[in-house]
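Geometric and topological summary
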Amino acid sequence: MQLGWELKRLRDKAGFTLAEAVDGLTFSPSKLHRVENGLTGLKTAAELRTLLDRYGVEDEDDVDFLMQVHRDSLNRGWWSIYRSVLPSGMGMYIGLESGARTSRTWQPNVVFGLLQTERYARELFQAAKPVEETTTEFVERHIQIRSERKKALTRRDNPLELWVIQDEASLRRVVGGPDVMREQYEEIRILAQLDNVTVQILPMVTATYRTGANFNLWEFGGPLPAVVQTDAIDGSDISDKETTIWSFSRRFEALRAGALAPGETPAFLQQLAREI
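In this text, all values refer to a predicted model and were calculated from it rather than measured experimentally. (Residues numbered from 1 in each chain as written. Predicted model: local features only at pLDDT ≥ 70, side-chain atom pairs only at ≥ 80, totals over all residues. Heavy atoms only, no water.)

1. Overview of the pairing of strand β2 (residues 161-167)
This is how it is decided: Only protein chains enter the area calculation, which uses a 1.4 Å probe; residues under 20% of their type maximum are buried, those over 50% are exposed, and those in between are partly exposed. Strands here mean DSSP runs of E at least two residues long; helices mean DSSP runs of H or I at least four residues long; both are numbered from the N terminus. In short, DSSP must find at least two bridges between two strands for them to pair.
The element β2 is largely enclosed, with a buried count of five among its seven residues. In this structure, strand β1 (residues 102-107) lies alongside β2, joined through six bridges in parallel fashion. Residue pairing across strands places Thr102 opposite Glu161, the latter belonging to β2. As judged from the six bridges shared by β2 and strand β3 (residues 197-202), these two strands associate in the parallel manner. Bridge assignment links Gln166 to a residue of β3, and that residue is Ile201.

2. Here we look at helix α5 (residues 60-73)
Here is the rule we go by: Expected span, for any helix, means 1.5 Å times one less than how many residues it has. Here the arc refers to the set of directions running from the helix axis out to each C-beta atom. Residue contacts follow a heavy-atom distance rule, with two residues in contact if any of their heavy atoms lie within 4.5 Å.
With 14 residues, α5 should cover 20 Å at 1.5 Å per step; its first-to-last C-alpha distance of 20 Å lies within 8% of that length. Every buried residue of α5 is accounted for by Val63, Leu66, Met67, Val69 and His70. The arc enclosing the buried residues of α5, seen along the axis, measures out at 160 degrees, which places them on a common side. Close packing links the buried residues of α5 with α1 (2-14) and α4 (45-54).

3. Topic: the side chain of Arg149
So the rule is basically this: Here a polar contact is taken to be a pair of N or O atoms separated by no more than 3.5 Å, where protein atoms must pair a possible hydrogen donor with a possible acceptor and residues adjacent in sequence count only if both atoms sit in side chains.
Here Arg149 is to be found in helix α8 (residues 136-150). The class of Arg149 is buried, set by a relative accessible area of 6%. There is a polar contact of 2.7 Å between the side chain of Arg149 and the side chain of Glu97. Non-local contacts of Arg149, meaning those with residues more than four positions away in its chain, are made with Trp78, Met90, Tyr93, Ile94, Glu97 and Leu114.

4. A short note on the pattern of salt bridges
Condition: Salt bridge, as used here, is a side-chain nitrogen of Lys or Arg placed within 4 Å of a carboxyl oxygen of Asp or Glu.
Applying the stated rule across the entire model yields 17 salt bridges. Note that Asp12 and Lys8 form a salt bridge whose closest N and O atoms lie 3.1 Å from each other. Remark: Lys8 and Asp12 occur in helix α1; sequence separation between them is four residues, near one turn of the helix. A relative accessible area of 43% means that Asp12 is categorised as partly exposed. Measuring nitrogen to oxygen at the nearest pair gives 2.5 Å for the salt bridge that ties Arg172 to Glu168. Separated by four residues within a single helix, Arg172 and Glu168 lie in helix α9 (residues 168-172), roughly one turn from each other. A relative accessible area of 33% means that Arg172 is categorised as partly exposed.

5. So, helix α11 (residues 242-258)
For α11, spanning 17 residues, the distance from its first C-alpha to its last is 25 Å, which sits close to the expected 24 Å at 1.5 Å a residue. Among the residues of α11, those classed as buried are Ile245, Phe248, Ser249, Phe252, Leu255 and Gly258.

6. Describing the nonpolar core
The condition that has to hold: Only buried residues count toward a nonpolar core, which is a set of Ala, Val, Leu, Ile, Met, Phe, Trp, Tyr and Cys residues joined through side-chain atoms within 4.5 Å.
With 36 residues, the main nonpolar core has Leu115 and Leu171 as its most contacted residues. Considering each element in turn, this core owes the most residues, five residues, to helix α10 (residues 178-191). With near-sequence residues (within four places) excluded, Leu115 lies in contact with Lys150, Leu162, Val164, Gln166, Gln184, Glu187, Ile188, Leu191 and Val199. Of all hydrophobic cores here, the second largest spans 18 residues; its members include Leu3, Leu7, Val63 and Met67.

Shape descriptors only; they carry no functional weight alone.
See below:
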């Protein structure tokens, strides 16, 4: 994604269209479009060098930097070993989440994935297993994936700064039974004590703005654009358009303003545990 963003910036600076940029090269405008949007990579350093020459990039420091970014882009992420069970688009989701510095999230349906306990996640997958016709291997592998993703919150170097707003309804929907839910409430309370994790709850009785679709707003720092991800029945939509980022940022701020203050989260979770 970083390499693609840099190449698009250089192409725009040079004044080339996609077709002009690849004229006489071994790949098509559609491939360069996919490269610029982080959907695929350049297979060889020679392809990158050819583009840089075409864009008039001569400074050796700039060339070395982009060559290093290219080498890094060829490395497979930890999730590649699970590719046989990953739904379409899930690899990109995990890659973006793993590389993000901050994540702002709204979740009205279930407990957000990075906050889930293993028991809660297993019950979710088991309930869906006969309907979606998945296998036991699929369930266990996805629980492992969720566990690996969760390490982003406690990694030593640059842990993910996570801000989650949970709709109260998502916390009241019973998954697996009361014991599973009480354990889940306690897990959220513990994670919310981390300096890099903030959890707010939007009560059902609060008359305020809501949206039915969950979303993630990821920021990466440096020159990379922010990215918004939304879920749909048939997959996931990812965009880095400025207007889309602006729109979802407004939504998050409205949800945040309507939710309880972060300091009220522990007491609310304890109340839920007593009621269930």
